[in-house]
Amino acid sequence: QIASDVASSLQPGAIIDLWAAPSTRSSSLPTPVNPEPRMVVQRARLSHHEAATSSVVGGSQVEIVLPRASVPAVLQAVANGDVMTVVASSGGLSS
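Residue numbers here run from 1 along each chain, matching the order of that chain's written sequence. Only residues with pLDDT of 70 or above have their local features reported here, since the model is predicted, and side-chain atom pairs are shown and tallied only from 80 upward, although totals for entire chains, interfaces and linings are computed over all residues. Values reported for side chains reflect all heavy atoms of the structure, with hydrogen atoms and water molecules removed beforehand.

A. Region of interest: the environment of Glu63. Residue placement: Glu63 occurs in strand E3 (residues 60-65). Only protein chains enter the area calculation, which uses a 1.4 Å probe; residues under 20% of their type maximum are buried, those over 50% are exposed, and those in between are partly exposed. With relative accessibility at 46%, the residue Glu63 sits in the partly exposed group. Measuring from C-alpha to C-alpha, the distance between Glu63 and Leu46 comes to 6.3 Å, with 17 residues separating the pair along the chain. Counting from the N terminus, the helices are DSSP H or I runs at least four residues long and the strands are E runs at least two residues long.

What follows is the structure, encoded as structure tokens:
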């Protein structure tokens, strides 16, 4: 689940970057040391995306193909409750 809708230019097969930012919603987790957005995965491949079905949730559901070495960072961002965003990787809507 990502926070916003996926850009219409991003179709399955597109090369994307996955960014995470600490959630601004109240949380029992401590305030992060560095609250700046950060790139979690660089140059992953978008496998599938669809708009969330609930207006309460918003955003999009995405599936991405990423290097195994990136899995721990993604899992940690999800566990932290970070807000995830998908953007086109520089140089690569279909690279």
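There's more to say after this.
B. Looking closely at unusual backbone geometry. Phi at Arg43 is positive, roughly 60°, even though this residue is not glycine. As for its position among the elements, Arg43 is in strand E2 (residues 38-51).

C. Representation of a nonpolar patch on the surface within the structure. Without a salt bridge and with relative accessible area above 30%, a residue can belong to a patch; like charges are then joined within 9 Å and nonpolar side chains (Val, Leu, Ile, Met, Phe, Trp, Tyr) within 5 Å. Here the Shrake-Rupley method, with its probe set to 1.4 Å, supplies the accessible areas, and only the displayed protein chains count as covering residues. The salt bridge definition used is simple: a Lys or Arg side-chain nitrogen within 4 Å of an Asp or Glu carboxyl oxygen. Nonpolar side chains collect at one region of the surface, where Trp19, Met39 and Val87 lie side by side and expose about 220 Å² of accessible area between them. Position of Val87 relative to the elements: it lies in strand E4 (residues 83-88). Given the relative accessible area of 32%, Val87 is considered partly exposed.

D. Molecular detail of the environment of Pro37. Tracing the backbone shows Pro37 in the loop between strand E1 (15-21) and E2. A residue is classified by how much of its surface remains accessible, and Pro37, at 48% relative accessible area, is partly exposed. Contact criterion: two residues are considered in contact whenever any of their non-hydrogen atoms come within 4.5 Å of each other. Setting aside chain neighbours within four positions, we find Pro37 in contact with Trp19, Ala20 and Ala21.

E. Just the pattern of salt bridges, in detail. Counted according to the given criterion, the structure contains one salt bridge. A salt bridge links Arg38 to Asp82, with the shortest nitrogen-to-oxygen separation between them at 2.5 Å. One end of the pair, Arg38, is in strand E2; the other, Asp82, is in the loop between helix H1 (71-79) and E4, with 44 residues separating them in the sequence. Residue classification places Asp82 among the buried positions, given a relative accessible area of 13%.

F. Layout of the sheet that holds E4. When DSSP finds two or more bridges between a pair of strands, those strands are recorded as paired. The strand order across the open sheet built from four strands is E3-E2-E1-E4, with neighbouring strands paired in antiparallel fashion. Each edge of the sheet is formed by a strand with only one pairing partner; in this case those strands are E3 and E4. Each strand of the sheet is rotated relative to its neighbour by a mean of 55°, with strand direction disregarded. Judged from the five bridges that link them, E1 and E2 form a sheet pairing that is antiparallel. Within E2, the position partnered with Leu18 by the bridge is Val41. In the packing of H1 onto the sheet, the strands contacted are E1, E2 and E4, and the crossing angle to E2 comes to about 75°. To get an axis, a line is fitted to the C-alpha atoms, and for a helix only the part in contact is used. The angle between two axes follows their N-to-C directions and goes from 0 to 180 degrees.

Everything listed is a geometric property; what it means functionally is a separate question.
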